[in-house]
Amino acid sequence: MTERMLKFVSRERETPEKRAAEERRKDFDEIYARFADARAAEQAGRCSQCGVPFCQDHCPLGNDIPDWLRLVAEGRLEEAYAVSAATNNMPEVCGRICPQDRLCEGACVIEQSGHGTVTIGAVEQYITETAFEKGWVKPIRPDEERAQSVGIVGAGPAGLAAAEQLREQGFQVTVYDRYDRAGGLLVYGIPNFKLDKAVVARRVARLEEGGVAFALNFEVGRDAGLAELRARHDAILIATGVYKARELSCPGAGEAHVVAALDYLTASNRKGLGDAVADFDSGRLDADGKRVVVIGGGDTAMDCVRTAVRQGAASVRCLYRRDRANMPGSQREVAHAEEEGVVFEWLAGPKAVAARRVRAARMRLGAPDASGRSAPEEIPDGGFELEADLVVKALGFEPEDLPRLFGEPALAVTRRGTLKVDPATLETALPGVYAAGDIVRGASLVVWAIRDGRVAAAAIAERLGARATATPALVAAE
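Criteria and thresholds
- Residues numbered from 1 in each chain as written.
- Predicted model: local features only at pLDDT ≥ 70, side-chain atom pairs only at ≥ 80, totals over all residues.
- Heavy atoms only, no water.
- Helix = DSSP H or I, 4+ residues; strand = E, 2+ residues; numbered from the N terminus.
- Contact = heavy atoms within 4.5 Å.
- Areas by Shrake-Rupley, 256 points an atom, 1.4 Å probe, with all protein chains shown as cover.
- Pairing = 2+ DSSP bridges.
- Axes fitted to C-alpha atoms, helices over the stretch in contact; angles between N-to-C directions.
- Core = buried A, V, L, I, M, F, W, Y, C linked by side-chain atoms within 4.5 Å.
- Buried < 20%, exposed > 50% of the residue type's maximum accessible area, 1.4 Å probe, protein only.
- Polar contact = N/O pair within 3.5 Å; in protein donor to acceptor, adjacent residues only side chain to side chain.
- Expected span 1.5 Å × (residues − 1).
- Phe/Tyr/Trp six-rings, centres within 6.5 Å; stacked < 30°, edge-to-face > 60°.
- Lys NZ or Arg CZ within 6 Å of the ring centre and 35° of its normal.
- Parallel < 35°, antiparallel > 145°, perpendicular 65-115°, else oblique.
- Left-handed = near helix turned anticlockwise from the far one by under 90°.
- Salt bridge = Lys/Arg side-chain N within 4 Å of Asp/Glu carboxyl O.

A. Molecular detail of the overall build of the protein chain. Along its length, the protein chain carries 20 helices and 15 strands. Within the protein chain, residue pairs in contact and separated by at least 24 positions form 70% of the contacts whose partners lie at least 6 positions apart. Element-wise, carbon and sulfur atoms account for 49% of the exposed surface of the protein chain, whose accessible area totals about 20900 Å².

Structure below.
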């Protein structure tokens, strides 16, 4: 499994323009590599050490950003890595995919003063890549082995973070996942141009080498019920994420050329990993030469439009019912998509899908809805049509019915279908069963999943008698 992921190569279609762009990119990478130390030190040195660490306050993990920036500026990279890794199990992943513009960099004092943010994410990535290169990332070697075992359901960021924390304390850890590779959406949902799968494979390999066991192609409810897993282990952590796609509610939503975002992204990622993907090879989940319309405005929608561009789509449009200011996705991702030729149809919602086209309505923002956001309203006689050979619905995700799937009706859920947990420990209604990440929060960010995994691991360790302290998790209200 890990070896296959490490051999990942991009299989995007080549054109003369793409080859020329790739050569330019290689030239840039070579130049940057030669001056990476200086560039990182320059950016880190821009940190004002203001005494009011807004960047740290806006990081869900509470990363000690000012301190490791100072250490980088002073050339003390190994110490910078130690500080960075103390609060984050995957800094090189967060450095690549976190929406820093909405978090640490968006709160940078220098950015607020109009001088441009310190590139915190790029420096974070650089620190950890240097650490791997120099051998500073040490194998997991617990001081003592413990007899207690923990079963983790879900090999996404929350599950992997918890597995590392628990294994470092000597617990016997088994991670169960329904897919054939560990990593969850890091592998199958996030495109390779944002996160190379070898980066994820390297983390998984470190866990395996440290004694974490992975039971892949294992589905709870099919291969074993939750009750059976509870009998096998001293504690259970549920970190399944949320995978049920929200449906498009308009005539024609069931047309063959209307596909779910995760199906589309998974097919692209699997193809890149060398898998046989029938729906991609048949053209159903391949955007090559097609007029593509993506419906939605979150980060998943941005992943879809940018993937379609790389697959050689004839045109790519994004249909979103609110305006740009109210878009939930990263503004940085929107800017990248626009640079790549994606056309955004703001204040526009689908009315119907038919063969080769999407009929849409122009919208305006009205009074706030229950969430506090301005609710979109249709403008009479504002209809228009878009040509579409492939329509991707990227409307967000909801939790699956875990009590039914896991055969455990006592597993309490909120009105949104997420698991109910104690906000301090993340323990569910079942003693010794914890939950972390999107299955608690709803669809959220990788950095929040890592935080929850760490919080849950600390609570489990404390329950099982190890020395650990848990920090309260900011769990979404029911």
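B. Representation of the sheet that holds strand β12 (residues 374-387) within the structure. What the three strands build is an open sheet, ordered β10-β11-β12; its pairing is antiparallel. Every other strand in the sheet has two partners, leaving β10 (348-354) and β12 as the edge strands with one partner each. Averaged over all pairs of adjacent strands, the angle between their axes in this sheet comes to 20°, without regard to strand direction. Looking at chain direction, β10 and strand β11 (residues 357-368) are connected through six bridges and run antiparallel. For A354, the partnering residue across the bridge sits in β11 and is R357.

C. Main features of the nonpolar core. By size, the foremost hydrophobic cluster in this structure holds 94 residues, and its most contacted members are I152, L166, L186 and I238. Among the elements that line this core, the one with the most residues is helix α20 (residues 446-463), at eleven residues. Among all residues touching I238, those that are not within four sequence positions of it are V153, L226, L402, F406, L411, L419, V433, Y434, A435, A436 and I439. Ranked by size, the runner-up nonpolar core spans 28 residues in total, among them Y264, L265, L285 and V334.

D. Up close: the side chain of N89. With respect to the helices, strands and loops of the structure, N89 is situated in the loop between α6 (77-85) and α7 (91-97). On the accessibility criterion, N89 (3% relative accessible area) is buried. In terms of polar contacts, N89 uses its side chain to reach the side chain of E164, at 3.1 Å. A distance of 2.9 Å separates the side chain of N89 from the side chain of R454, its partner in a polar contact.

E. Up close: helix α14 (residues 261-272). Over its twelve residues, α14 runs 17 Å from end to end, which matches the ideal 16 Å to within 8%, given 1.5 Å per residue. In terms of burial, α14 is largely enclosed, as nine of its twelve residues are buried. Looking one or two residues beyond α14, the residue adopting positive phi is G274, at roughly 95°.

F. Focus on α20. Taking 1.5 Å of rise per residue, 18 residues should cover 26 Å, and α20 covers 26 Å from first to last C-alpha, within 8% of that figure. Counting buried positions along α20 yields 16 of 18 residues, so the element is predominantly enclosed. A positive phi of about 100° marks G465, the residue just after α20.

G. Main features of the packing of aromatic side chains. Within the structure shown, the criterion is met by four aromatic pairs. Measuring from ring centre to ring centre gives 4.7 Å for Y176 and F218, while their planes differ by 50°; the resulting arrangement is tilted. One end of the pair, Y176, is in strand β2 (residues 172-176); the other, F218, is in the loop between β3 (213-215) and α13 (226-232), with 42 residues separating them in the sequence. Ring geometry for Y179 and Y243: centres 6.0 Å apart, planes at 45°, overall tilted. Here Y243 lies in the loop between β4 (235-238) and β5 (244-245) and Y179 lies in the loop between β2 and α11 (185-188), a separation of 64 residues in the sequence. Overall, Y179 belongs to the partly exposed group, its relative accessible area being 22%. Sitting over the face of the ring of F384, R362 holds its NZ or CZ atom 3.8 Å from the ring centroid.

H. Region of interest: the packing of α14 against helix α16 (residues 299-310). For the pair α14 and α16, the least separation of the axes is 10 Å and the interaxial angle reads 45°. With respect to α16, the axis of α14 lies oblique. In this structure, α14 meets α16 at a crossing whose hand is left-handed. Along the contact surface, α14 presents A261, Y264, L265 and S268, while α16 presents T300, D303, C304, T307 and A308.

I. Main features of the sheet that holds strand β13 (residues 390-393). Across the sheet, which stays open at both edges, the five strands sit in the order β6-β13-β7-β8-β9 with parallel pairing between neighbours. Looking at which strands have only one partner, the edges of the open sheet turn out to be β6 (258-260) and β9 (343-345). Sheet twist, expressed as the mean angle between neighbouring strand axes with direction ignored, is 25°. One ladder, built from three bridges, connects β6 with β13; its direction is parallel. Residue pairing across strands places A260 opposite K393, the latter belonging to β13. Its contacts with the sheet put α14 on β6 and β13, and the angle it makes with β6 is roughly 75°.

J. Quick look at the pairing of β13. In β13, alternate side chains face the same way, and those of L390 and V392 on one face and V391 and K393 on the other are all buried. In terms of strand pairing, strand β7 (residues 291-295) meets β13 through four bridges, oriented parallel. Considered in β13, the bridge of V294 is made with V392.

K. Layout of the pattern of salt bridges. A full pass over the atoms with the stated rule returns 39 salt bridges. Two residues, E333 and R306, come together in a salt bridge whose shortest N-O distance is 3.2 Å. Of this pair, E333 sits in helix α17 (residues 331-339) while R306 sits in helix α16, and the two are 27 residues apart along the sequence. Residue E333 is classed as buried on the basis of its relative accessible area of 11%. Among the residues examined, R306 registers a relative accessible area of 7% and is labelled buried. Linking R463 and E427 is a salt bridge whose minimum nitrogen-to-oxygen distance equals 3.1 Å. Here R463, found in helix α20, pairs with E427, found in the loop between α18 (402-405) and β15 (433-435); they are 36 residues apart in sequence, far enough to count as distant. The exposure class assigned to R463 is partly exposed, which follows from its relative accessible area of 43%. Taking the relative accessible area as the measure of exposure, E427 reaches 19% and is therefore buried.

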